[in-house]
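Listed here are the chains, written in short residue letters.
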Amino acid sequence: MSTLVLAWSLTAAQFLLGLAMLCATFRILRGPRAQDRVVGFDTLYVTAMLLLVTFGIGLGTAIYFEAALLIALLGFVGTVALAKFLLRGEVIE
Amino acid sequence: MSLAVEIASWALILAGSFFTLVGALGLVRMPDIFTRMHAASVTDTAGAGLLIFGMMLQAGFGLTTLKLLILLGLFLFTGPVVTHALAQTCLHEKIEPLLAEEPAAAD
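Residues numbered from 1 in each chain as written. Chains lettered and ligands numbered in written order. Predicted model: local features only at pLDDT ≥ 70, side-chain atom pairs only at ≥ 80, totals over all residues. Heavy atoms only, no water.

S.K.: How should I be thinking about the overall build of chain A in this particular structure?
M.R.: A tally of helices and strands in chain A yields three helices and zero strands. Taken from the N to the C terminus, the helices and strands of chain A come in the order α-α-α. Relative to the 2.2 N^0.38 estimate, which gives 12 Å for 93 residues, the radius of gyration of chain A is 16 Å and therefore markedly larger than a compact globule would have. Judged by the C-alpha coordinates and their principal axes, chain A covers about 55 × 25 × 10 Å. (Helix = DSSP H or I, 4+ residues; strand = E, 2+ residues; numbered from the N terminus. Rg over C-alpha atoms; globule rule 2.2 N^0.38 Å.)

S.K.: Would you explain the overall build of chain B in this entry?
M.R.: When helices and strands are counted, chain B shows three helices and zero strands. Mapped from its N terminus to its C terminus, chain B presents α and β elements in the order α-α-α. Taken against the 2.2 N^0.38 rule, which gives 13 Å for 107 residues, the C-alpha radius of gyration of chain B at 18 Å runs more than 25% over that of a compact globule. Counting only C-alpha atoms, chain B reaches 65 × 25 × 25 Å along its principal axes. Within chain B, the proportion of its 107 residues that are buried is 40%. (Buried < 20%, exposed > 50% of the residue type's maximum accessible area, 1.4 Å probe, protein only.)

S.K.: Can you help me understand the interface of chain B and chain A in this one?
M.R.: Frequently, the measure chosen for interface size is the accessible area removed from exposure when the parts meet. Taken together, the 42 residues of chain B in the interface contact 45 residues of chain A. Note on chain B versus chain A: buried area summed over both sides is about 3,900 Å², and carbon and sulfur give 81% of it. If you sort the residues of chain B by the area they bury against chain A, W10, L27 and K67 of chain B come out on top, with a joint share of 15%. At the boundary of chain B with chain A, the tally comes to two salt bridges. Across the salt bridge formed by K67 of chain B and E66 of chain A, the nearest N and O atoms sit 2.7 Å from each other. Viewed at the interface, chain A and chain B are joined by seven residue pairs in polar contact (both at pLDDT 80 or more). Breaking the side of chain B that touches chain A down by element, the ones donating at least two residues are helix 1 (3-29), helix 2 (33-59) and helix 3 (63-92) of chain B. Tallying contributions element by element places helix 3 of chain B first for the side of chain B that touches chain A, with 16 residues. Along the lines of polarity and charge, the residues of the side of chain B that touches chain A split into 28 nonpolar, nine polar and five charged. (Contact = heavy atoms within 4.5 Å. Buried area = accessible area lost by both parts, 1.4 Å probe. Salt bridge = Lys/Arg side-chain N within 4 Å of Asp/Glu carboxyl O. Polar contact = N/O pair within 3.5 Å; in protein donor to acceptor, adjacent residues only side chain to side chain. Nonpolar A, V, L, I, M, F, W, Y, C, P; charged D, E, K, R; others polar.)

S.K.: Hey, could you run me through the packing of helix 2 (residues 34-59) of chain A against helix 3 (residues 63-88) of chain A in this one?
M.R.: Geometrically, a packed helix pair is captured by the angle between its two axes and the distance between the axes. It is the contact of helix 2 of chain A with helix 3 of chain A, at a shortest axis distance of 9 Å, that shows an interaxial angle of 175°. Judged on the interaxial angle alone, helix 3 of chain A and helix 2 of chain A are roughly antiparallel. (Axes fitted to C-alpha atoms, helices over the stretch in contact; angles between N-to-C directions. Parallel < 35°, antiparallel > 145°, perpendicular 65-115°, else oblique.)

S.K.: Mind showing me how you'd approach the confidence of the model for chain B here?
M.R.: Atomic detail in the predicted coordinates should be set aside for any region of low pLDDT. All names here are of chain B. Residues at a pLDDT of 70 or more form 92% of chain B, whose mean pLDDT is 86. Mean pLDDT per element in chain B: helix 3 is the minimum at 89, and helix 1 is the maximum at 91. What the predictor reports for the complex is a pTM of 0.87 with an ipTM of 0.86. (pLDDT = per-residue confidence, 0-100.)

S.K.: For this particular structure, what's the right way to read a nonpolar patch on the surface?
M.R.: A contiguous nonpolar surface patch, about 320 Å² in accessible area, is contributed by F15, L19 and L22 of chain A. Residue position: L22 of chain A is located in helix 1 (residues 2-30). (Patch = residues over 30% accessible without salt bridge, like charges linked within 9 Å, V, L, I, M, F, W, Y side chains within 5 Å. Areas by Shrake-Rupley, 256 points an atom, 1.4 Å probe, with all protein chains shown as cover.)

S.K.: Is there a simple way to think about the packing of aromatic side chains in this case?
M.R.: Each aromatic ring pair is described using two quantities: the centre-to-centre distance and the angle formed by the ring planes. Following the criterion strictly, the structure yields two aromatic pairs over all chains and no others. Ring centres of F41 of chain A and Y45 of chain A lie 5.8 Å apart, and the angle between their planes is 45°; on these two criteria the pair is classed as tilted. One end of the pair is F41 of chain A and the other is Y45 of chain A, both in helix 2 and four residues apart, which spans about a single turn. A residue is classified by how much of its surface remains accessible, and F41 of chain A, at 30% relative accessible area, is partly exposed. Here the aromatic rings of F18 of chain B and F19 of chain B are separated by 5.6 Å at their centres, their planes lie at 65°, and the arrangement is edge-to-face. (Phe/Tyr/Trp six-rings, centres within 6.5 Å; stacked < 30°, edge-to-face > 60°.)

Encoded structure:
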């Protein structure tokens, strides 16, 4: 019974995370300024990573967590590089 | 695993995904960039924190919990850094925050 409720709550969480990804994608496509798009991208990668972690818990395999760590690190570097580009006009001076 | 821990883990997972959705809805509904960054930080702290805590209860002691803790620590560092960098670009481009009323004239 407990595994059934766990699967149900994980499915509900995945549904809500998918809706959140849709909202972030809307902001990426619609954002009037570049900063709005970068904020949307930041939320999108965080939400995708959380979705991957829920898949990892649901399937019981460890490989998803390493993928989630990689997504978190590379997404952070990408967002900071985009912010640096908006600030200075180039990433590596 | 006792039933109380299971129930706490389900509640934390559902609450975390709810707060993630709240942050993303704020991203859509908020009027300007500063309030949108404020809404996006809900996803980084409340949403990710509650979800990861719920999954740590589900995973028990082990390497998985350590990875989830590293992930949470990473979020608690990178969220403010990203918000700060983006706010700096907004100030660099002289984007004014949207105010409810006109600010009093500086004298």
